[in-house]
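Each chain is listed here by its residues.
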Amino acid sequence: MANVTFSSPIMPRDITVYAVAGDRGTLLALAKAHHIPIPFDCQDGECGSCVVETKNLDAHSRHAIALTEKEKEMLRQLGKITPEEIREAEVNDVAPRYRLACQCFVRDEDSFVSFDGDHTLP
Ligand code: FES
């Protein structure tokens with residue numbers, strides 16, 4: 001059970017949606033289901049269009065952070081992840097600040113997801 005709040009300058013207001021317990025869909029799938037306009041293209045972790053900033057609103061929760069090599073490499077290319085953040089994710093399960101919405105599964109915790117709607121590779 002989780003409330004996910006989406007925020008963006010391209011949206012008239014923040015929208016909080018309820019992710020059903022057991023729903024293992026991605027953040028992008030959740031956004032699409034609720035007409036949240038996160039940009040996307042490949043939906044396979046290869047274009048970087050769907051990068052979002054995520055904040056876990058439950059400071060005490062820690063879950064296994066599943067960063068694939070593909071996601072790490074794309075976030076690196078976008079300049080959205082540091083070697084320290086990668087190490088923290090892999091060693092201590094600390095979520096990095098940015099994720100690819102198409103690769104990030106909704107977890108059982110409240111979170112705040114923001115995006116600017118205009119991501120391009122540097
Ligand atoms: Fe291409 Fe997510 S849509 S990386």
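Just above, that's the structure.
Residues numbered from 1 in each chain as written. Predicted model: local features only at pLDDT ≥ 70, side-chain atom pairs only at ≥ 80, totals over all residues. Heavy atoms only, no water.

Novice: Explain the pattern of salt bridges here, please?
Specialist: When charged atoms on two side chains of opposite charge get close, those side chains can pair. Applying the stated criterion across every chain, the model contains 10 salt bridges. Across the pair K70 and E46 runs a salt bridge whose closest N-O atoms are separated by 3.8 Å. Taken together, the residues K70 in helix α2 (residues 69-77) and E46 in the loop between α1 (27-33) and β3 (51-56) connect sequence positions 24 residues apart. With its nearest N and O atoms 2.7 Å apart, the salt bridge here joins R107 to E109. A relative accessible area of 23% places R107 in the partly exposed class. Owing to a relative accessible area of 6%, E109 belongs among the buried residues under this scheme. One network of salt bridges, in which partners are shared, links D44, E46 and K70. (Salt bridge = Lys/Arg side-chain N within 4 Å of Asp/Glu carboxyl O. Helix = DSSP H or I, 4+ residues; strand = E, 2+ residues; numbered from the N terminus. Buried < 20%, exposed > 50% of the residue type's maximum accessible area, 1.4 Å probe, protein only.)

Novice: I would appreciate a short explanation of the sheet that holds strand β2 (residues 15-19) in the present structure.
Specialist: Strand order in the open sheet formed by 5 strands is β2-β1-β5-β3-β4, and the pairing between neighbours is mixed. Because the sheet does not close on itself, it has two edges, and the strands there are β2 and β4 (98-100). On average, each strand axis in the sheet is inclined to that of its neighbour by 30°, with strand direction left out of account. Pairing of strand β1 (residues 2-7) with β2 involves 5 bridges; the strand directions are antiparallel. By the bridge assignment, F6 is partnered in β2 with I15. Sheet strands touched by α2: β3 and β4. Its angle to β4, the strand with the most contacts, is close to 125°. (Pairing = 2+ DSSP bridges. Axes fitted to C-alpha atoms, helices over the stretch in contact; angles between N-to-C directions. Contact = heavy atoms within 4.5 Å.)

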